[in-house]
Amino acid sequence: MIWECTAVWVDETRFSGPKTCRQRKIKCDRHTPCSNCVKAEQQCSFVPPVRGKRKRTNPRKEGIHAKLKRYEELLRSYGAKIDPSDDSDCPEVASQPDAMDADPLNSSSQRLNETKSKLVTVGESSQYVNSTPWSDIGECQNPELGSLGEAIDQSGVHESDLLFETEQSKLDIYEGLHPSSQILLKLKEIYIDRVDPLMKILHLPTFWMALINRRQEKHSRSLEATIFAFYLATISSLKDEECQNLFQTGKFVLYSRYRQATRQALVNAGFLSTSSLLTLQAYALYMMCVRNFYRCDTLFILSGISIRLARKMGLHQDGAPLGLSPFDSEMRRRLWWHLVYVDFRISEVLGTRPSLDLSSSNTKIPLNVTDDDLSPSMINLPPERNSITSISFCLIRHEILFTLRKFSGNMHFESLSSSTSPLSQKDAIVTQLEDHLEQKYLRYYDPSNPLHTFVSIAIRSSICKMRLFTHSPHQFLARGEPIPTHDRDIVFTNATKLLEYVIMVQEGRHGLDNYTWQMGPSYIWNAVLYLLIEMRRRKTGTEVGRAWELLAGVFALYHYPKFREKNRTSRAVYAVLEKWTLEVWDEYVAALKGDDLRELYTPEYINIIRRCQGREMQPSSAQDRKGAGSEPIVRCEPRHSTVQSHCHRDLPGCETLESYDFPDLLSFETDLDEWVQWEQLLSDGFTHIDGA
C-alpha cells in the first residue's frame, strides 16, 4: 500500500515553496508528519490511492441450469406448478468413513445419473421410469412397455418360455399339488424354522392369509407362483425321511415335481417381463432352491435377470423418497438386498465381479424387526429391536456387503486382499465391523436358541473370512515382501476357527441341522490351503495336532463320495489339496518320529487319499500293524510328480484326472503365478453355489 500526504492546494504561480507529496508524485516517507509537509508547513493527511477503471469484459454466459431455474421461476410467477427436480440420483463417490454408517443413502459409493424419475404403481405391480417423456405422464403409457398389470397373451406365446420349458399352458393341472390343510400347517412351521431366517423376503402374516384365502377369492398368477415357490423352498429344506413321513414320497421325486410346477407357475406369471413384486419374490425363492442343481455360470445369468427386473421396478431406489408406504418400502428393501447378496455370492464363487448395478443404489438396509412388527396399514416404521430376530442373519450379510462397498466402491472380498491398500486400514475396517456386529447382535446371544447360535457362528466365521483375505499370503508376494510372522499367526488362527465353525454347523450341533441344507464346501478351501501352509511350517505342536483333527472333520464332511463331483476341474481342486495334505502329513510323521513318538496311527482319510492319489502303501513296521481301529503308518512314494488320480474303482468319485502342474507346497507358497493358477482353479472348480 502506498502512503501519500496532501496539503491545502496552493497556486504555484503565487507560491514557490515546497510542493506536497501528491503534487511532486513521490512516495510518502511514512513519518507523521512527513518531511515534505513539514517543509511546506502544511497539515499532513493520508489519501488512499484510487484504482483506475478496468476494461469492460463480456458478461458470463448463463448456464443451462441457471437458465432452467430462471424459466421455472417465470412459470411459477404465472401460476404454473413445477415439481422440484429430483437430484437424489446424481452420482456421488463416498469417502472412506471412520465410523459405521447405518444409512447407505448418505454414504453409498455411487448414485445413478438420472435427471428425472418416477415410480408408477398399478395394483401389485410397479415400474421405475426415468426417461423424461414417460416420467411426465401420470400413468405409464409408454407403448413399448405395455401394461403394468398381468398381461394376457392372446396368441398363447409366453416370452418366459425362452428360459423355462412349458410343461402345460393351463394352470389348473397343478391343483392336485396343493397339500392338505394339516400338511400345510406343518410346512409353514418348517418354512419359519429353516427357510425364513436364510432369506427374509416374504411377509409371512400377509402371505399366509393370501394362501389360506386363495380358494375363496380369485388370486393372481403372481400369487400362484409365490405359493408354489413357497412349497418348493420348504421341500428343499426337508430330509428324505421327512418327505416320506409327510407326503409318502421320496424327496427326489417330490422336489422334481414341485420344481416343474414352480417353473410353470413362473412362466404363467410372465416372470421375464413382470412388474410384480410377488413374481420377483417367487423367482428369488426358485433361484435359491436350484442352486445345487444348476451350474454357477447359469445361476449368474439368472441372477442378472433378477437384478434387471428389480431395477425396472425401482428396487434400487429407496421407497421412502419415492412416496411409498413404510410397509412397501421395507419389503422392497428386503428383496433388493437379498438379490444383491445372491449376485455377490455367485460372482465370488465364479471368480467375476458383481454387477455394477449393485453399487449404484441408495436403498437402505432393512430394519432389525420381526414380521409381527410390520403391517400394510402402518403409518410409521417400528423401532428396531435390540435382539437377534428372524432377519438378523440376513442383515449380517447385508452389513458386510455394505462395509465392502464403503471400503472399495464395489462388493468384493478381493478388495481386502489388495496390496494397494494399507494393511492397517483394512484391519481397522474389519475390527470396526466386528465391534458393530458385537454391539448390535452378539450381546443379545442366547445359547439355548439355535437361531442365536447360528447367527453367532455366522458373525464370527464372516470376521474370520475377512481377516483371512486381509492377511492373505499372496498379497505380500505381490509386493515382493516376506510374510511376517505376525500375519502368519493371524492366518493360522482364523483358518482354524473358520473350520471349527464349519464343522460345528455341518454336524448339526445345538439344533443347527435346520440350516445345513444351505451350506456347501466352496468357501472353505482357501482356509484349508492356508492351514496346510502353516502346518508344514510349524511341523508339530498342540495347535498342529488340533489342525489335523479339523482336516479329518472337513474330509469326512466334504470328501467322498458326495462332494467329489463329476466335474473335472472341481475334482482337480480336491486332487491338489489331497497331494498337499499327504505332503504335509509325511513331514508331520517324520517330525514326530524324530521326537521318539512311536504311537501314531494313520487316519483313515489319509489312506483313502493315498489310494486316490495312486500311491503304494507299505507298513513301516510290524509294531505299526497292531493298532486297533485305525490303519498303520505307511510309507508312500509318489508315482508322478504332478497331481494325477489313479483311483481304485471301488472308491466313489475316484475317476482318472488329467495332470495339473502344481508344485510342492513350499514352492507354491513363494510363487505368485501359482497363487493365480490356484484362484483360477477354485473359480472353475465349483459349478454350484452354496448359501454360506
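Residues numbered from 1 in each chain as written. Predicted model: local features only at pLDDT ≥ 70, side-chain atom pairs only at ≥ 80, totals over all residues. Heavy atoms only, no water.

Under the annotation held in an unreviewed UniProt entry, the protein carries the name Zn(2)-C6 fungal-type domain-containing protein and is attributed to Aspergillus tanneri. In its Subcellular location (unreviewed entry) section, UniProt records this for the protein: "Nucleus". (UniProt positions renumbered as here; feature names shortened; annotations may be inferred.)

Participant: Break down the overall build of the protein for me, with residues and values.
Facilitator: The helix and strand inventory of the protein stands at 24 helices and 6 strands. The long-range share in the protein, meaning contacts at least 24 apart out of those at least 6 apart in sequence, stands at 71%. Counting only carbon and sulfur atoms, one obtains 51% of the accessible surface of the protein, whose full area is about 34,400 Å². (Helix = DSSP H or I, 4+ residues; strand = E, 2+ residues; numbered from the N terminus. Contact = heavy atoms within 4.5 Å. Areas by Shrake-Rupley, 256 points an atom, 1.4 Å probe, with all protein chains shown as cover.)

Participant: Please set out the side chain of Glu-583 residue by residue, giving values where relevant.
Facilitator: Within the secondary structure layout, Glu-583 lies in helix H21 (residues 568–594). Here Leu-665 takes part through its backbone nitrogen, which lies 2.9 Å from a polar atom of the side chain of Glu-583. Discounting chain neighbours no more than four positions away, the residues touching Glu-583 are Arg-536, Asp-664, Leu-665 and Leu-666. (Polar contact = N/O pair within 3.5 Å; in protein donor to acceptor, adjacent residues only side chain to side chain.)

Participant: Lay out the packing of aromatic side chains in plain terms, naming residues and giving numbers.
Facilitator: The tally for this structure, following the rule as stated, stands at 20 aromatic pairs. Each ring, one from Tyr-286 and one from Tyr-294, has its centre 6.5 Å from the other, and the planes form 65°; the classification is edge-to-face. Take Tyr-286: its relative accessible area is 0%, and that puts it in the buried class. By relative accessible area, which is 17% here, Tyr-294 ends up buried. Consider the rings of Phe-555 and Tyr-605, whose centres lie 5.3 Å apart with planes at 20°: the pair is stacked. Placement of Phe-555 in helix H20 (residues 542–558) and of Tyr-605 in helix H22 (residues 604–613) is noted, with a sequence separation of 50 residues between them. Each member of the pair, Phe-555 together with Tyr-605, is buried. Put simply, the rings of Tyr-191, Phe-207, Phe-228, Phe-230, Tyr-231 and Tyr-258 touch in pairs and so form one group of aromatic residues. Of note, Arg-397 hangs over the ring of Tyr-341, and the distance from its end group to the ring centre comes to 4.0 Å. Here Arg-538 stacks its cationic end above the ring of Phe-492, 4.1 Å away from the centre of that ring. (Phe/Tyr/Trp six-rings, centres within 6.5 Å; stacked < 30°, edge-to-face > 60°. Buried < 20%, exposed > 50% of the residue type's maximum accessible area, 1.4 Å probe, protein only. Lys NZ or Arg CZ within 6 Å of the ring centre and 35° of its normal.)

Participant: Any details on helix H6 (residues 181–195)? Residues and values, ideally.
Facilitator: Every α-helix carries 3.6 residues per turn, so stepping three or four residues along brings you back to the same face. Taking 1.5 Å as the rise per residue, H6 with 15 residues should run 21 Å; its terminal C-alpha atoms sit 20 Å apart, in good agreement. Packing partners of the buried residues in H6 comprise helix H7 (204–212), helix H8 (221–236), helix H9 (240–247) and helix H11 (277–289). (Expected span 1.5 Å × (residues − 1).)

Participant: If you had to explain unusual backbone geometry to someone new, which residues and values would you point to?
Facilitator: Here the phi dihedral of Gln-248 falls at roughly 55°; this positive angle occurs in a residue that is not glycine. Its identity as a non-glycine residue notwithstanding, Lys-539 has a phi of 70°, on the positive side.

Participant: Outline the environment of Asn-494, supporting the account with residue identities and numerical values.
Facilitator: Examined against the element boundaries, Asn-494 turns out to sit in helix H18 (residues 485–506). The exposure class of Asn-494 is buried, given its relative accessible area of 9%. Not counting residues within four places of it along the chain, the set of residues in contact with Asn-494 comprises Cys-464, Arg-467 and Leu-468.

Participant: Can you lay out the pattern of salt bridges for me, pointing to particular residues and giving the numbers?
Facilitator: Where side chains of opposite charge bring their charged atoms close, a pairing between them can arise. According to the stated counting rule, one finds 27 salt bridges in the structure shown. In this structure, Arg-333 and Glu-330 form a salt bridge, with 3.0 Å as the shortest nitrogen-oxygen distance. Here Arg-333 pairs with Glu-330, and both are found in helix H13 (residues 326–350), just 3 residues apart, close to one helical turn. For Arg-333, a relative accessible area of 5% gives the class buried. A salt bridge links Arg-488 to Glu-669, with the shortest nitrogen-to-oxygen separation between them at 2.6 Å. You can see Arg-488 sitting in helix H18 and its partner Glu-669 sitting in helix H23 (residues 665–669), a full 181 residues away along the chain. In this structure Glu-669 comes out as buried when scored by relative accessible area, which is 5%. Among the charged side chains, a salt-bridge network with shared partners connects Arg-488, Asp-489, Glu-534, Arg-536, Arg-537, Arg-538, Glu-543 and Glu-669. (Salt bridge = Lys/Arg side-chain N within 4 Å of Asp/Glu carboxyl O.)

Participant: Break down the environment of Arg-385 for me, with residues and values.
Facilitator: Turning to its location among the elements, Arg-385 is positioned in the loop between H13 and helix H14 (392–408). A residue is classified by how much of its surface remains accessible, and Arg-385, at 37% relative accessible area, is partly exposed. When the C-alpha atoms of Arg-385 and Lys-440 are compared, they prove to be 9.5 Å apart, with 55 residues separating the residues in sequence. Beyond its immediate stretch of four places on either side in the chain, Arg-385 contacts Asn-368, Val-369, Thr-370 and Asp-373.

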